[in-house]
Amino acid sequence: MMDFYKGKKVLVTGHTGFKGTWMCHVLLQAGAEVIGYALEPPTDPSLFALSNIREKITSIIGDIRDLGHLKEVFATYQPEIVIHMAAQPIVRDSYKEPVYTYEVNVMGTVNICECVRLNSCVKSFLNVTTDKVYENREWEWGYRENEPLDGFDPYSNSKSCSELVTHSYKNSFYCDMQVAVSTARAGNVIGGGDFANDRIVPDCVCAAMKHEDIIVRNPHSTRPFQHVLEPVLAYLMICQKQYEDRQYEGYYNVGPDEADCVTTERLVNIFCELWGENQSWVNQYDGGPHEANFLKLDCSKLKATFGWKPRWNFETAMKKTVEWSKIYEAGGDLVGCLNRQIQEFVS
């Protein structure tokens, strides 16, 4: 798969974020010509800044809501592959800023879809959404791609809308064009360099580095956790396969095996064990807004279509996350660790 991307022009929206930065590093290792479009990094510190990737790609700072700017970027760089990851991704932030969340996640998708419509250079387009797009009934089995879309909170719902926007453009315009289009619905990701607020693993790392107890809001909530490289490589696989044959375009869940759908309690216990230094956590519900207690994906379609399967289980993913975080704490070679983990994953 890595050979396919050599010399390909790939536009990545949201490239300054945690997941986007990992995506850019993988594409660089594959020899792609990477064009990034995003706001400045959403956190300080940020993996984007720490990994010194800005000088190695074409990094364009812009707002996904700015259709005019996006049109200029598409016209100038003529990307062959577009991977749309720009978003307001935090559930709790979506309660604080619902209008902004919808503007970014819905109209941002409209703008990207419109640019794809207007530029015949694009042969493969992937819209990355979330496992939270589904109407969550808190049932025990995984959601499949044909389940109803109806996210509960503004973030989840805006991503459901993003899916519907993509479906509409696909039906209305792309069927008469030479562009293959898919959406990918991924579960929660972990990995080195995530500094986002209100996420459990960054909270764990932050507390550990301060030698404080980890505050856990809901130890019994269950989520599908996977290393960030799992969905990143899956996205690249989907983009390649549909580029080569449009029969592969569609809607795909990207998540871990059932054994890696873990409770928050298990997650923090494994983190504390790997971190060492007598790290501990406390249960402290803060009365925040609604978030789903139980959510997992059925990834049978991805496995059956492409022969895909997860490479790193949850314990390995957490080990790699702690490894990077320890190097960060010690002021070590972060980029070397990141590139080494990519090589270990793809080899």
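What counts, and where the lines are drawn
Residues numbered from 1 in each chain as written. Predicted model: local features only at pLDDT ≥ 70, side-chain atom pairs only at ≥ 80, totals over all residues. Heavy atoms only, no water. Phe/Tyr/Trp six-rings, centres within 6.5 Å; stacked < 30°, edge-to-face > 60°. Helix = DSSP H or I, 4+ residues; strand = E, 2+ residues; numbered from the N terminus. Buried < 20%, exposed > 50% of the residue type's maximum accessible area, 1.4 Å probe, protein only. Lys NZ or Arg CZ within 6 Å of the ring centre and 35° of its normal. Expected span 1.5 Å × (residues − 1). Polar contact = N/O pair within 3.5 Å; in protein donor to acceptor, adjacent residues only side chain to side chain. Pairing = 2+ DSSP bridges. Core = buried A, V, L, I, M, F, W, Y, C linked by side-chain atoms within 4.5 Å. Contact = heavy atoms within 4.5 Å. Axes fitted to C-alpha atoms, helices over the stretch in contact; angles between N-to-C directions.

1. With respect to the packing of aromatic side chains
Both the distance between ring centres and the angle between the ring planes are used here to describe each pair of aromatic rings.
Part 1: Taken as a whole and assessed by the stated rule, the structure comprises 14 aromatic pairs.
Part 2: Measuring from ring centre to ring centre gives 5.2 Å for Phe4 and Tyr243, while their planes differ by 75 degrees; the resulting arrangement is edge-to-face. Of this pair, Phe4 sits in the segment before strand 1 (9–13) while Tyr243 is found in helix 8 (residues 229–244), placing the two residues 239 residues apart along the sequence.
Part 3: In this structure Phe4 comes out as buried when scored by relative accessible area, which is 12%.
Part 4: Residue Tyr243 is classed as partly exposed on the basis of its relative accessible area, which comes to 27%.
Part 5: Here the aromatic cluster, defined as three or more aromatic residues joined through ring pairs, consists of Phe125, Tyr169, Phe173 and Tyr174.
Part 6: The ring of Phe4 has Lys8 lying over it, and the distance from NZ or CZ to the ring centre is 4.2 Å.

2. So, helix 11 (residues 314–330)
Part 1: Taking 1.5 Å of rise per residue, the 17 residues of helix 11 would be expected to cover 24 Å, and the 24 Å separating its terminal C-alpha atoms lies within 8% of that figure.
Part 2: All of the buried residues along helix 11 are Phe314, Ala317, Met318, Lys320, Thr321, Val322, Trp324 and Ser325.
Part 3: Two to three positions downstream of the cap, the backbone nitrogen of Glu315 sits 3.3 Å from a side-chain oxygen, assigning the N-cap of helix 11 to Asn313.
Part 4: Of the residues flanking the end of helix 11, it is Gly331, one or two places downstream, whose phi is positive at about 70 degrees.

3. Considering the pairing of strand 9 (residues 222–227)
Part 1: Among the six residues of strand 9, six are classified as buried, and the element is accordingly described as predominantly covered.
Part 2: The sheet contact formed by strand 7 (residues 188–190) and strand 9 spans three bridges and is parallel. Of the residues in strand 9, the one forming a bridge with Asn188 is Phe225.

4. Some words on the nonpolar core
Part 1: Grouped together as the largest cluster of nonpolar side chains are 55 residues, with contacts concentrated most on Tyr5, Met23, Leu27, Ile83, Tyr235 and Leu302.
Part 2: Here Leu27 is in contact with Tyr5, Val10, Val12, Ala32, Val34 and Leu236, once residues within four sequence places are set aside.
Part 3: Counting 26 residues, the second-largest nonpolar core is a separate cluster that includes Ile35, Cys121, Val165 and Tyr174.

5. Concerning the sheet that holds strand 6 (residues 180–186)
Part 1: Strand order in the open sheet formed by seven strands is 3-2-1-4-5-6-10, with parallel pairing between adjacent strands. A strand with exactly one partner marks an edge of an open sheet, and here the two such strands are strand 3 (58–61) and strand 10 (251–254). Sheet twist, expressed as the mean angle between neighbouring strand axes with direction ignored, is 15 degrees.
Part 2: Across four bridges, strand 2 (residues 33–38) lies against strand 3 in parallel orientation. Residue pairing for strand 3: Gly36 is matched across the bridge by Ser59.
Part 3: Its contacts with the sheet place helix 6 (residues 154–172) against strand 5 (124–128), strand 6 and strand 10, and it is angled at close to 165 degrees to strand 6.

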